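# Structure at a glance
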Amino acid sequence: QKEVEQNSGPLSVPEGAIASLNCTYSDRGSQSFFWYRQYSGKSPELIMSIYSNGDKEDGRFTAQLNKASQYVSLLIRDSQPSDSATYLCAVKSGGSNYKLTFGKGTLLTVNP
Amino acid sequence: GAVVSQHPSWVICKSGTSVKIECRSLDFQATTMFWYRQFPKQSLMLMATSNEGSKATYEQGVEKDKFLINHASLTLSTLTVTSAHPEDSSFYICSAYPAGVYQPQHFGDGTRLSIL
């Protein structure tokens with residue numbers, strides 16, 4: 001059974017701090033990794049994707065992937081209250097239909 | 001790019017009614033679309049995989065006769081909740097992705113279904 005694990009939180013950080021979100025996955029055949037942000041009552045919104053080992057930066061967001069350790073992380077620099085949401089880690093394996101396996105999400109609260 | 005449109009955004013109806021939800025990929029073709037359900041404060045739950053031109057694949061525990069899926073074109077999938085009851089009240093979300101294993105899934109805005 002393919003699994004994606006995240007700390008459910010809540011993770012609370014002060015405004016301007018770095019928020020660090022972590023995710024591990026069980027399927028070594030996983031090929032694509034995504035971070036989605038979901039505000040309460042809304043659908044998920046893609047914020048980062050990463051496919052190879054190392055770091056990928058996009059504005060205040062940095063995704064990190066370590067396939068050997070089966071570990072994905074998301075760093076949010078200069079956290080803002082508007083970043084308060086649930087962050088979903090999602091992993092796509094090969095095979096037919098390319099279903100995503102989601103973690104349960106980490107609730108992030110950024111305090112002004 | 002990669003916009004997914006979902007309609008309606010909100011439905012309130014009486015018990016026993018059937019409700020159809022549409023999911024469209026606006027700027028790409030989607031051979032495969034996905035339907036999810038999410039109850040308050042719970043995780044996304046994949047209900048089924050919708051395949052253009054063929055039958056949908058349902059996840060374990062999802063009643064295929066209750067949740068009818070039709071994927072008649074490369075840009076449209078529909079989910080029909082038949083004879084809906086209050087326990088079917090939930091947030092239903094579709095997703096689709098452009099072709100390619102490295103492409104992310106893009107989600108529609110979701111449909112909030114309330115059965116009275």
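Our structure's up above, just so we're on the same page.
Below, the structure is looked at part by part. (Residues numbered from 1 in each chain as written. Chains lettered and ligands numbered in written order. Predicted model: local features only at pLDDT ≥ 70, side-chain atom pairs only at ≥ 80, totals over all residues. Heavy atoms only, no water.)

All names here are of chain A. Reading across the sheet, the 5 strands line up as β1-β3-β8-β7-β6 and stay open at both edges, with antiparallel pairing between neighbours. For this open sheet the edge positions go to β1 (4-6) and β6 (54-58), each flanked by a neighbour on one side alone. Neighbouring strand axes in the sheet, compared pairwise and without regard to direction, differ in orientation by 20° on average. Pairing of β6 with strand β7 (residues 61-66), which is carried by 5 bridges, proceeds in the antiparallel orientation. Of the residues in β7, the one forming a bridge with Asp 55 is Gln 64. (Pairing = 2+ DSSP bridges. Helix = DSSP H or I, 4+ residues; strand = E, 2+ residues; numbered from the N terminus. Axes fitted to C-alpha atoms, helices over the stretch in contact; angles between N-to-C directions.)

So, about the packing of aromatic side chains. According to the stated counting rule, one finds 10 aromatic pairs over all chains in the structure shown. Ring geometry for Phe102(A) versus Tyr36(B): centroids 5.8 Å apart, planes at 85°, classification edge-to-face. Of this pair, Phe102(A) sits in strand β10 (residues 100-102) while Tyr36(B) sits in strand β4 (residues 32-38), on two different chains. A relative accessible area of 15% means that Phe102(A) is categorised as buried. Given a relative accessible area of 1%, Tyr36(B) falls into the buried group. (Phe/Tyr/Trp six-rings, centres within 6.5 Å; stacked < 30°, edge-to-face > 60°. Buried < 20%, exposed > 50% of the residue type's maximum accessible area, 1.4 Å probe, protein only.)

Moving on to the state of the cysteines. Simply put, the disulfide is a covalent bond whose two ends are the sulfur atoms of two cysteines. All told, the structure shown has 2 disulfides over all chains when counted by the stated rule. Covalent S-S linkage joins Cys23(A) and Cys89(A), the inter-sulfur distance amounting to 2.0 Å. Taking the sign of the S-S torsion, -70° for the link of Cys23(A) and Cys89(A), the bridge is left-handed. With Cys23(A) in strand β3 (residues 19-25) and Cys89(A) in strand β9 (residues 85-93), the pair connects residues that are 66 residues apart, well separated along the chain. Each member of the pair, Cys23(A) as well as Cys89(A), carries the same accessibility label: buried. Cys23(B) shares a disulfide with Cys94(B); S-S distance 2.0 Å. Residues Cys23(B) and Cys94(B) are joined through a disulfide that is right-handed, its torsion about the S-S bond being 80°. With Cys23(B) in strand β3 (residues 19-25) and Cys94(B) in strand β9 (residues 90-96), the pair connects residues that are 71 residues apart, well separated along the chain. The exposure classification of Cys23(B) matches that of Cys94(B), with both residues buried. (Disulfide = S-S within 2.5 Å.)

Moving on, we come to the environment of Ala85(A). Residues and elements named next belong to chain A. Among the structural elements, Ala 85 can be located in strand β9. What makes Ala 85 buried here is its relative accessible area of 4%. Taking the C-alpha atoms as reference, Ala 85 lies 18 Å from Ser 49; in sequence the two are 36 residues apart. In contact with Ala 85, other than residues within four places in its own chain, are Arg 37, Gln 38, Tyr 39, Thr 106, Leu 107 and Leu 108. (Contact = heavy atoms within 4.5 Å.)

Attention now goes to the environment of Pro10(A). Residues and elements named next belong to chain A. Inspection of the secondary structure assignment puts Pro 10 in the loop between β1 and β2 (11-14). Classification of Pro 10 by relative accessible area gives exposed; the value is 63%. It is 4.8 Å that separates the C-alpha atoms of Pro 10 and Leu 107, two residues lying 97 residues apart in sequence.

The next point concerns the pairing of strand β4 (residues 30-38) of chain A. Residue and element names in this part refer to chain A. Across the 9 residues that make up β4, a large majority, 8, are buried. In terms of strand pairing, β4 meets β9 through 8 bridges, oriented antiparallel. Bridging from a neighbouring strand, Gln 38 pairs with Thr 86 of β9. As defined by bridge partners, β4 adjoins strand β5 (residues 45-50) across 5 bridges and the pair is classed as antiparallel. Bridged to Trp 35 within β5 is Met 48. Counted between consecutive antiparallel strands, the loop separating β4 from β5 contains 6 residues, among which Gly 41 sits at a positive phi close to 80°.

Just distances and angles here, no functional claims.
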